[in-house]
Amino acid sequence: MDSSNGKVSPSVALTPEMVPSNGTTLTPEIGSSNQTGATSAFQVPKMDCFNRMVLSHWDAFSGAIEDEVSGLEPIRADGSNLNLATLVAIARYRRKISLSEGAIGKMKKSAEALQKRIQNGESIYGVNTGFGGSADVRPKNVSEVSASLFRMLHYGVISGPLDSRHVEELATNDSVSDIESRESTAAKLARLAIPLSDPVCSTTMPESWVRGAMAIRANTLAKGASAIRPVIVQSLFDLLNKEIIPAVPLRGSISASGDLSPLSYIGGALEGKPAIQVYVDFDRKRVSADKALLQADISPAVFQPKEGLSLVN
């Protein structure tokens, strides 16, 4: 300590190694010690690397949003260029996405290679066999395996919306003569406005979750290692770009070998199954998948061998 002014002065000299290369200002910290036990008045901020990472993601995210607003080309997914920033832009801010030419070429080669193996008479699990305990079963029509897989996995529970007429009847029911009982009924109905109490919102995933899952799965398939045709992945992107988002049950995944049940609802939407509900239009109303695809001029997917398994697993 300098006795003349009562201030703490550095007991060690600053070296070039102690100064950050990115221009970050050194922060005084009284009483800090270096490895030798000497007291130093300076310390390099510990969060510097983290801050740089956050800022890099923010810059990428801002750029993706600006590109969307400017009407530039959609993101060209190739299986490796989807990062956290672009995923958020797609899932929450409706950034457009499409397949790159390179990804299309790789996917075609992969699908053709699988077809050759099937034609050569090879038995391939999940392609021309059953699943799990039925692996020794050989289906007569291998093209039906994917559709059967989706049907087996559609076991989630989704509640229907509360009929507004029913709400009105409950609120004005003449048989409820007691004022206190009426107020209790009104309070219960009011709680339905809370998202977690709404019968639909409480049993289905938020749209942003589903959009993110669709983008991640499609980008993974774009690597060209799953023997799935480009037309299937592009159909996934068409659903995203045209705001047709499946209603996926919040509960139902067995969390093994991928989220099988939730992803099967996305596959069912691609097939245009009447039993699968999707969100459409500006008011995000729910309609059946077949009607949504027809309205958006999207052809229902007809899955070839292994394509259903690739989508959910």
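Residues numbered from 1 in each chain as written. Predicted model: local features only at pLDDT ≥ 70, side-chain atom pairs only at ≥ 80, totals over all residues. Heavy atoms only, no water.

The name recorded for the chain in an unreviewed UniProt entry is Phenylalanine ammonia-lyase, from Botrytis elliptica. A UniProt comment under Sequence similarities (unreviewed entry) is attached to the chain, and it reads "Belongs to the PAL/histidase family." (UniProt positions renumbered as here; feature names shortened; annotations may be inferred.)

1. Some thoughts on the pairing of strand β6 (residues 277-280)
Side chains on a regular strand alternate between the two faces of the sheet. Where strand β5 (residues 245-246) lies against β6, 2 bridges are found, and the strand directions are antiparallel. What sits directly across from Ile-245, in β6, is Tyr-279. The pairing of β6 with strand β7 (residues 285-288) spans 4 bridges and is classified as antiparallel. Bridging across to β7, Val-278 finds its partner in Val-287. Between β6 and β7, which pair antiparallel and follow one another directly, the connecting turn spans 4 residues, one of which, Asp-281, has a positive phi of 65°. (Pairing = 2+ DSSP bridges. Helix = DSSP H or I, 4+ residues; strand = E, 2+ residues; numbered from the N terminus.)

2. Things to note about the environment of Val-278
Position of Val-278 among the secondary structure elements: in strand β6. Here the alpha-carbon distance between Val-278 and Ser-288, two residues 10 residues apart in the chain, equals 6.1 Å.

3. Digging into the pattern of salt bridges
One pass over the full model with this rule turns up 6 salt bridges. Glu-243 is paired through a salt bridge with Arg-94; the nearest N and O atoms lie 3.0 Å apart. Of this pair, Glu-243 sits in the loop between α8 (230-241) and β5 while Arg-94 sits in the loop between α2 (84-93) and β4 (97-99), and the two are 149 residues apart along the sequence. Classification of Glu-243 by relative accessible area gives buried; the value is 17%. Residue Arg-94 is classed as partly exposed on the basis of its relative accessible area, which comes to 41%. Here Glu-207 ties to Arg-284 by a salt bridge, and the two come within 2.7 Å at their closest N and O atoms. In this pair, Glu-207 is assigned in helix α7 (residues 207-221) and Arg-284 in the loop between β6 and β7, connecting sequence segments 77 residues apart. On the basis of relative accessibility, which here comes to 18%, the residue Arg-284 falls in the buried class. (Salt bridge = Lys/Arg side-chain N within 4 Å of Asp/Glu carboxyl O. Buried < 20%, exposed > 50% of the residue type's maximum accessible area, 1.4 Å probe, protein only.)

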